[in-house]
Amino acid sequence: MQALPHTRSCFVCGEANPLGLNLRVETDGRRVRAKFFPRPEHSGFKGVVHGGLIATVLDEIMFWACAVQTRRLSFCAELNVRFLSPMPPDGEFVVTGEMVANRKGRIYEAKAAVQDAGEVTFAAATGKYLPIKNADVSEMAADLVGRPDWFRHPAPPV
């Protein structure tokens, strides 16, 4: 697995965001994954991670799944989440995702899931992502830590 870039400011992956989740995403060149460690303050109801936070993490993973395959930044246009079981805080979870379709470079489709070590799935998602115009990418890419030029290199063959 290869570590992917992350940002300074993002709520999910930003290293300088004191309120953020500090997720680190890695890839095998096709799929992406990250470990997720929700804390008690991420609860909605007592003892249950807030669904909005779970959806946020699934969105992040699908963004990176599309980025790995296309080397393009994108925005989420549609997000569908199915919550299958209440997720407890203070656990260790693995979030995985992959791009499932590229509609002529105009829209990307992805899927993701969050599971515990016993492979119990707590939530699954699908999403559609719109590529960001190249003119708008430079400022966003400047926030990347690691390899800010990562998006400018062609995706390796899968």
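Residues numbered from 1 in each chain as written. Predicted model: local features only at pLDDT ≥ 70, side-chain atom pairs only at ≥ 80, totals over all residues. Heavy atoms only, no water.

Trainee: Got a minute to help me understand the sheet that holds strand S5 (residues 74–83) in this structure?
Mentor: The pairing of strands in a sheet comes from backbone hydrogen bonds and takes either a parallel or an antiparallel form. Strand order in the open sheet formed by 7 strands is S1-S3-S4-S6-S7-S8-S5, and the pairing between neighbours is antiparallel. For this open sheet the edge positions go to strand S1 (2–3) and S5, each flanked by a neighbour on one side alone. In the sheet, strand S4 (residues 31–36) pairs with strand S6 (residues 93–103) via 6 bridges, with the strands oriented antiparallel. Pairing of Ala34 across the sheet is with Val95, part of S6. Each of strand S3 (25–27), S4, S5, S6, strand S7 (107–116) and strand S8 (121–131) touches helix H1 (residues 51–70); the most contacted strand, S6, lies at about 50° to it. (Pairing = 2+ DSSP bridges. Helix = DSSP H or I, 4+ residues; strand = E, 2+ residues; numbered from the N terminus. Contact = heavy atoms within 4.5 Å. Axes fitted to C-alpha atoms, helices over the stretch in contact; angles between N-to-C directions.)

Trainee: Explain the layout of surface pockets to me, please; I cannot follow it from the model alone.
Mentor: If a probe the size of a water molecule is rolled over the atoms, the empty space left behind becomes visible. In this structure, the largest pocket occupies an estimated 360 Å³ of space. What lines the largest pocket is a set of 18 residues, among which Phe63, Leu73, Ser74, Phe75 and Met140 lie closest to the centre. Counting only elements with at least two residues in the lining of the largest pocket, the list comes to H1, S5 and helix H2 (134–141). Counting residues per element, the lining of the largest pocket draws most heavily on H1, which supplies 4 residues. Its residues assigned to classes, the lining of the largest pocket comprises 13 nonpolar, 2 polar and 3 charged. (1 Å grid on protein atoms, 1.4 Å probe; cavity = no way out; pocket = protein on both sides within 12 Å on 5 of 7 lines; lining within 4 Å. Points joined across faces, edges and corners; volume = space filled by probe spheres on them. Nonpolar A, V, L, I, M, F, W, Y, C, P; charged D, E, K, R; others polar.)

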